[in-house]
Amino acid sequence: MITGKVIQEIYKKYRKCPPTLDCIDFNLLNNRVSEVHNVEIKDNRFIIGSIDEKSPFHSLPLNKIHGIVNFENCVAIVLHSSILFLDKKENKVQIHLKMKKPNIWQRLMMCFYREK
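Model, not experiment: these values are computed from the prediction.

Peer 1: Sorry, what's going on with the overall build of the chain here?
Peer 2: The helix and strand inventory of the chain stands at three helices and seven strands. For the chain, the N- to C-terminal ordering of α and β elements is α-α-β-β-β-β-β-β-β-α. For the chain, whose C-alpha radius of gyration is 17 Å, the value lies well above the compact-globule estimate of 13 Å for 116 residues. Expressed as a percentage of its 116 residues, the buried residues of the chain come to 32%. Taking the intrachain contacts of the chain between residues at least 6 apart in sequence as the baseline, contacts between residues at least 24 apart amount to 44%.

Peer 1: Looking at this structure, I do not really get the environment of Phe-85. What am I missing?
Peer 2: For Phe-85, the position within the fold is in strand β6 (residues 82–87). It is 6.1 Å that separates the C-alpha atoms of Phe-85 and Ile-95, two residues lying 10 residues apart in sequence. Sequence-distant contacts of Phe-85, that is, excluding residues within four places in its chain, are made with Ile-2, Ile-7, Phe-71, Cys-74, Val-75, Ala-76, Lys-92, Val-93, Gln-94 and His-96.

Reading the values: the criteria
- Residues numbered from 1 in each chain as written.
- Predicted model: local features only at pLDDT ≥ 70, side-chain atom pairs only at ≥ 80, totals over all residues.
- Heavy atoms only, no water.
- Helix = DSSP H or I, 4+ residues; strand = E, 2+ residues; numbered from the N terminus.
- Rg over C-alpha atoms; globule rule 2.2 N^0.38 Å.
- Buried < 20%, exposed > 50% of the residue type's maximum accessible area, 1.4 Å probe, protein only.
- Contact = heavy atoms within 4.5 Å.

Structure, rendered in structure tokens:
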């Protein structure tokens with residue numbers, strides 16, 4: 001099961017892009033995942049056919065992928081501020097967006113201007 005703690009560990013482990021694309025294990029996208037999600041690599045882009053063409057996650061530049069992680073029921077595509085979870089059995093995709101935390105100044109201002 002993928003919990004919030006697991007997601008934070010993924011972001012921590014894949015904080016930076018790898019030095020070369022050879023460091024990313026594209027073999028984790030086995031034939032089943034590739035078929036279910038119509039995944040292809042074309043013109044230095046990672047294209048996920050199960051995601052609408054209008055979505056910014058449909059076609060990703062290969063140099064923006066930080067890593068690929070295999071789980072029991074899905075495969076995770078790790079980007080800087082988001083993770084795409086591709087289901088292995090169905091063409092379901094879940095996307096986790098990493099929210100930017102407010103800095104100390106913003107938190108202080110929220111305390112003073114909080115609605116009562």
